[in-house]
Amino acid sequence: DTAVSQTPKYLVTQMGNDKSIKCEQNLGHDTMYWYKQDSKKFLKIMFSYNNKELIINETVPNRFSPKSPDKAHLNLHINSLELGDSAVYFCASSPRKDGGPEPQHFGDGTRLSIL
Amino acid sequence: SQKIEQNSEALNIQEGKTATLTCNYTNYSPAYLQWYRQDPGRGPVFLLLIRENEKEKRKERLKVTFDTTLKQSLFHITASQPADSATYLCALGRRSSASKIIFGSGTRLSIRP
């Protein structure tokens, strides 16, 4: 009964391709996030959704498009993949969006490698 | 620009000793600070939260301090064990940032038997 699950765990693809990563949480949380962790291990927020509404949209190329069909799911679609997109992408969730300091619950990441 | 620095990339200590990790920040006024543990190939796991009006928090062998004057948090693991070996991340959040938190780059802690 994994709390935050991401698929796939590994994704190896060629430059220029389009790919999607899926995330689901069964914690009943209202807010979900996508983070990118680069080779230097910095974890940077990309997007956040609350009840299917986009609330955080950092400076991310518009090749990255999040989509939340319902509050338990947040998917990430990436168009025209570039070498610099190689990283580990983490999905996370937290109970609510009002700026409260709730812990975030992370999935185990999707390691994206661009050839 | 906002900056969060964790004291070193790696810290090696002997089992049984106290491990102390540092998180310093500049150009930021956090309302709270969180510490997470990350094991290789896994996502971060929440450990402790401390708010700006709190000086210290404890949980079992873990202790966190928060000094808003020094702009620093210290994370202590007492009676350290090899199983405590992991990367530890600090993360800062503001009151009105819609749950956005900013992470430091982490400190890799190794406890040798």
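Every chain begins its residue count from 1, and numbering advances along the sequence as written. Here the convention is simple: chains get letters from A, ligands get numbers from 1, in the order in which they are written. The predicted origin of the model limits local features to residues at a pLDDT of at least 70 and limits the giving and counting of side-chain atom pairs to 80 or more, whereas totals for whole chains, interfaces and linings rest on all residues. Just so you know, side-chain values use all the structure's heavy atoms and leave hydrogens and water out.

**Q** Could you give an account of the pattern of salt bridges, with specific residues and numbers?
**A** All names here are of chain A. For this document, the term salt bridge refers to a Lys or Arg side-chain nitrogen within 4 Å of an Asp or Glu carboxyl oxygen. Across all of its chains, the model carries ten salt bridges over all chains by this definition. A salt bridge links lysine 71 to aspartate 30; the shortest N-O distance between them is 2.8 Å. Of the two residues, lysine 71 is situated in the loop between strand S7 (64-70) and strand S8 (73-78) and aspartate 30 in the loop between strand S3 (19-25) and strand S4 (31-37); the sequence distance between them amounts to 41 residues. Overall, the relative accessible area of 22% leaves aspartate 30 in the partly exposed class. For the salt bridge of arginine 63 with glutamate 82, the shortest nitrogen-to-oxygen distance reads 3.5 Å. Taken together, the residues span a long stretch of sequence, with arginine 63 in the loop between strand S6 (53-57) and S7 and glutamate 82 in the loop between S8 and strand S9 (87-94) at a distance of 19 residues. Secondary structure elements follow DSSP: runs of H or I of four or more residues count as helices, runs of E of two or more count as strands, with numbering from the N terminus. The buried label goes to any residue with under 20% of its type's maximum accessible area, the exposed label to any with over 50%, and the partly exposed label to all in between, with areas taken from a 1.4 Å probe on protein chains only.

**Q** Give a description of the sheet that holds strand S8 (residues 72-77) of chain B that names residues and reports values.
**A** Residue and element names in this part refer to chain B. Think of it this way: DSSP has to see at least two bridges between two strands before they count as a pair. The five strands lie next to each other as S1-S3-S8-S7-S6, forming an open sheet whose pairing is antiparallel. Every interior strand has two partners, whereas the edge strands, strand S1 (3-6) and strand S6 (56-59), have only one. Each strand of the sheet is rotated relative to its neighbour by a mean of 15°, with strand direction disregarded. Note that S6 and strand S7 (residues 62-67) share four bridges and pair antiparallel. Across the sheet, the residue bridging to arginine 58 is lysine 63, located in S7. Axis definition: a line fit to C-alpha positions, over the contact stretch in the case of helices; interaxial angles, taken between N-to-C directions, run 0 to 180 degrees.

**Q** So what's going on with the interface of chain A and chain B? Residues and values would help.
**A** Between chain A and chain B, the contact holds 26 residues from the first and 22 residues from the second. A 1.4 Å probe defines the accessible area here, and the buried area is the portion of it lost by two parts on being joined, summed over both. In this assembly, chain A packs against chain B so that about 1,800 Å² is buried in total across both faces, 53% of it on carbon and sulfur atoms. Joining chain A to chain B, the criterion identifies two salt bridges. Salt-bridge contacts for glutamate 58 of chain A lead to lysine 100 of chain B; the nearest nitrogen and oxygen are separated by 3.1 Å. The biggest single contributor to the side of chain A that touches chain B is S4 of chain A, with three residues. Looking at the side of chain A that touches chain B residue by residue, the classes come out as eleven nonpolar, six polar and nine charged. Contacts are assigned to residue pairs with any non-hydrogen atoms lying within 4.5 Å of each other. Residues are grouped as follows: nonpolar covers Ala, Val, Leu, Ile, Met, Phe, Trp, Tyr, Cys and Pro; charged covers Asp, Glu, Lys and Arg; every other residue, Gly included, is treated as polar.

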